[in-house]
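Listed below are the residues making up each chain.
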Amino acid sequence: MFQDNPLLAQLKQQIQENLPKKEGVIKATDKGFGFLEVDSKTSFFIPPPYMKKCIHGDKVVAIIRTEKEREVAEPQELLEQSLTRFIGRVKLFKGKLNVAPDHPQLKKMPLKAKVKKGLNQEEFQEGDWVVAHLVRHPLKGDDNFFVEISEKITDSEDKIAPWWVTLAENDLPNSEPAGIENWVLKDDAELERSDLTHVPFVTIDGASTKDMDDALYAKKLENGSFELTIAIADPTAYITPDDEMDKVARQRGFTIYLPGRNIPMLPRDLADDLCSLIENQVRPALCCTVTVGADGVIADDIRFFAANIQSHARLVYDHVSDWLESGSSTEWQPTETIAEVVRTLYEFSQARANWRENNAVVFPDRPDYRFELSEDNDVIAIHADMRRTANRLVEESMITANICAGKVLQSTFNAGVFNTHAGFKADKMADVVELMTSNGAQCDAESLATLEGFASLRRWLCGQDTSYLDNRIRKCQSYSEIGNQPLPHYAMGLEVYATWTSPIRKYGDMINHRMLKAHILNKEPVQQPDETIGEELALHRKHHKIAERNVADWLYARTLAEEPTKQTLFNAEIFDINRAGVRVRLLENGAAAFIPASLILANKERLDCNGEQGIITIDKEAVYRLGDTFEVVLTDVSQENRSIVAKPTQVFADEPQTDAEAQVQSTENAQQAEMSREEKAE
């Protein structure tokens, strides 16, 4: 009888109106309670009954009241719900359909569900992967949470689930665009193509590469300089800005590269065949010729032109590297003509690498980690591929080509699709100067704001004995961006940089091709990038990188599942420190693992994990720093959450735990690893 009493309801409302309110984000635990995170230092406890109104990640306004001598938060108003469209797994309770979100903090919170009109509920089985949408929320006035299933992704035990689920999660296509029966050359009739089929161009790619988009040729001049010619596949010869295929390419932005497979931006019949610079096949190409001095300086005689070219040799990175590094290769014996081209390209690449090392920025080599999969999509091996001589040869050629494109687009149109980097964040500059000068660097805020000053500091950092300082200042740097203005690229130490060397794989490169053709014809471009193109392409790139990492995390968890019982030793490098612990990279295979602070030392009073300083101390003495490498063993690998927990083999003594304490700590460690993975994704 009291529930419907209007006087009591009015009194309750008046009390609530007088209570303080806080805005924050919900952080859930698997024990039913949660916290309202107001900021990095302030949080309020949310009892289990109040947690039934909200979901981990919701942004809410909550009333702060005192209950049992403790301040608690009661969520009242939803500002932003964390779940809208999400990926989950089907859970059947007494035949009723539920969906458990695929999220570390939500997996144990199945939500009542129905299928979208047109779908057959009988086709959904326990554990199936689905796309769902949250359609009811208690803080929106609904009685309960409720979701609608809009799509079935794949079956519960499908071994290809990591790829299909990840693509669906990021709303990415899972197949290449459909091609057409007859592709027709649509180039501007004014664009005359030179016949360069006699020039011995070579392609250098991976053994399995099909979409070969660059061919190279170089000759040495009498004065010791190099004449470099780069020929790039030309899909814009077949696709105009008005074509439907152009819209598809723009919607995709890039070819999606995932472990073990890729999803092309363009139809395979175009990317892998008609445009691919296949050996002994005549192909239309956009070319650039430039002279590079023996000192590595790029001359001003940059010339872009259209041509028909023919690759005279389809070469493989490892074979060319073997030949250059040892003087022979069991897999490849070149003709004298091809050998001369490769030798000249190698000498050119050394000259350019030396110039960049002394005048721009060159980052230390790190391995590329590659999954080898069986036909059944099981991981056979994980390879750590170092960049070898041939890889660097091609890299220097492409960087040179993109510098040339940037200069031409800047001078002709003052517009294009440019890769840029603004150096240090303005609000972090003082911190960088203080850190660097206290460690012996000669710099100040004024110099670091310039391209040369930034590049000079980066060169100084490369000469240090450890990567600690380099890792410290990375968080102070801006992110690389894509835009339509010719701004510097501080991270590369270059005044201007515009990629055009991968138009089969990057939509921005297709735009630059069209602008470079306009430059050749001395006319206005048929397509100019507007100011939205940078954000558009950056968003595509972000989702692609997240997808690549998530599939890799899934495969790492599969592959390393048995390692905790084997107590296998791994070498690990610290790449992030936060108050909960340390994130490390396993150097043997590239997997990311989390080391909870308690597995370094189970004594919070003695241990301090300082993320700002990138250092871990015990009794105020440093024991680990960013960039340090040491041995670890894995303690837990969760295939469900795709998380890996590790601990150092070095033991720091403290009071031994009881069995009960150890069990509680193990659970907390797994939860912290899941939270760390979530924070990394955010």
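Residue indices follow the written sequence of each chain, beginning from 1 at its first position. Reporting in this predicted model follows two pLDDT cut-offs: at least 70 for local features of residues, and 80 or more for side-chain atom pairs to be given and counted; totals over whole chains, interfaces and linings ignore these cut-offs and use all residues. The basis for every side-chain value is the complete set of heavy atoms in the structure, and neither hydrogens nor water enter the calculation.

Caption draft 1: Examining the overall build of the chain more closely. A tally of regular secondary structure across the chain gives 16 helices and 29 strands. What you see for the chain is a C-alpha radius of gyration of 29 Å, in line with the 26 Å of a compact globule of 682 residues. The principal-axis extent of the C-alpha atoms belonging to the chain is close to 95 × 65 × 50 Å. All accessible-area figures derive from a Shrake-Rupley calculation using a 1.4 Å probe, and residue coverage is judged against the displayed protein chains alone. Roughly 33800 Å² of accessible area belongs to the chain as shown, and the carbon and sulfur atoms make up 46% of that amount. The convention is simple: Lys and Arg are positive, Asp and Glu are negative, and His and the chain ends are not counted. Taken as the charge location is NZ of Lys, CZ of Arg, CG of Asp or CD of Glu. If you average the places of the 78 positive and of the 110 negative side-chain charges in the chain, the two averages end up 5 Å apart. Only DSSP runs of H or I reaching four residues or more are called helices, and only runs of E reaching two or more are called strands; each is numbered from the N terminus. Computation of the radius of gyration draws on C-alpha atoms, with the globule rule given as 2.2 Å multiplied by the number of residues to the power 0.38.

Caption draft 2: Main features of the confidence of the model for the chain. Confidence along the chain averages 91 in pLDDT terms, with 93% of residues attaining 70 or more. Scored from 0 to 100, pLDDT records how confident the predictor is in each individual residue. A contact between two residues is defined here by any heavy atoms of the two lying within 4.5 Å. Below pLDDT 50 for its whole length, residues 656-671 participates in 11 contacts with residues either more than four positions away or in separate chains.

Caption draft 3: The UniProt feature "domain: S1 motif" (unreviewed entry) in the chain, seen in detail. In the numbering adopted here, UniProt assigns the feature "domain: S1 motif" (unreviewed entry) to residues 567-649. Between the end C-alpha atoms of residues 567-649 the distance is 10 Å, and the span holds 0% helix and 59% strand. UniProt positions are given in the numbering used here, feature names are shortened, and annotations may be inferred rather than shown by experiment.

Caption draft 4: Representation of the environment of Leu469 in the model. Secondary-structure assignment places Leu469 in helix α12 (residues 468-474). The cut-offs for exposure are 20% and 50% of the maximum accessible area for each residue type, with area from a 1.4 Å probe on protein chains only; residues under the lower value are buried, those over the upper are exposed, and the others partly exposed. Relative accessible area serves as the criterion here: at 8%, Leu469 is assigned to the buried category. Taking the C-alpha atoms as reference points, Leu469 and Asn610, separated by 141 residues in sequence, lie 15 Å from one another. Those residues in contact with Leu469 that sit more than four places away from it in its chain are Leu435, Met436, Asn439, Trp460 and Leu461.

Caption draft 5: Representation of the packing of helix α7 (residues 336-359) against helix α8 (residues 389-412) in the model. To obtain each axis, a line is fitted to C-alpha atoms, and for helices this fit is confined to the stretch in contact; angles are then taken between N-to-C directions over 0 to 180 degrees. Here α7 crosses α8 at 65°, and the two axes come no closer than 9 Å. One element, α7, and the other, α8, form an angle in the roughly perpendicular class. Crossing geometry of α7 relative to α8 is assigned as left-handed. Within the contact between the two elements, α7 uses Val342, Leu345, Tyr346, Phe348, Ser349, Arg352, Ala353 and Arg356 and α8 uses Thr389, Arg392, Leu393, Glu395, Glu396, Ser397, Ile399, Thr400 and Ile403. Ten residue types, Ala, Val, Leu, Ile, Met, Phe, Trp, Tyr, Cys and Pro, are classed as nonpolar, four, Asp, Glu, Lys and Arg, as charged, and the remainder, Gly among them, as polar. Residues belonging to the contact of α7 with α8 are distributed by class as follows: eight nonpolar, four polar and five charged. Relative orientations are named as follows: roughly parallel for angles under 35 degrees, roughly antiparallel for angles over 145 degrees, roughly perpendicular for angles from 65 to 115 degrees, and oblique for any other angle. For any pair of crossing helices, the crossing counts as left-handed if the nearer helix is rotated counterclockwise from the farther one by less than a right angle, and right-handed if it is rotated clockwise.

Caption draft 6: Here's a closer look at the sheet that holds strand β7 (residues 96-101). Think of it this way: DSSP has to see at least two bridges between two strands before they count as a pair. Around the barrel, five strands lie side by side as β6-β7-β8-β10-β9; this closed barrel has mixed pairing. Between one strand axis and the next, the sheet turns by 55° as a mean value, whatever way the strands run. Strand direction decides the pairing type here: β7 and strand β8 (residues 111-115), joined by two bridges, are antiparallel. Within the sheet, the bridge partner assigned to Val99 lies in β8 and is Leu111.

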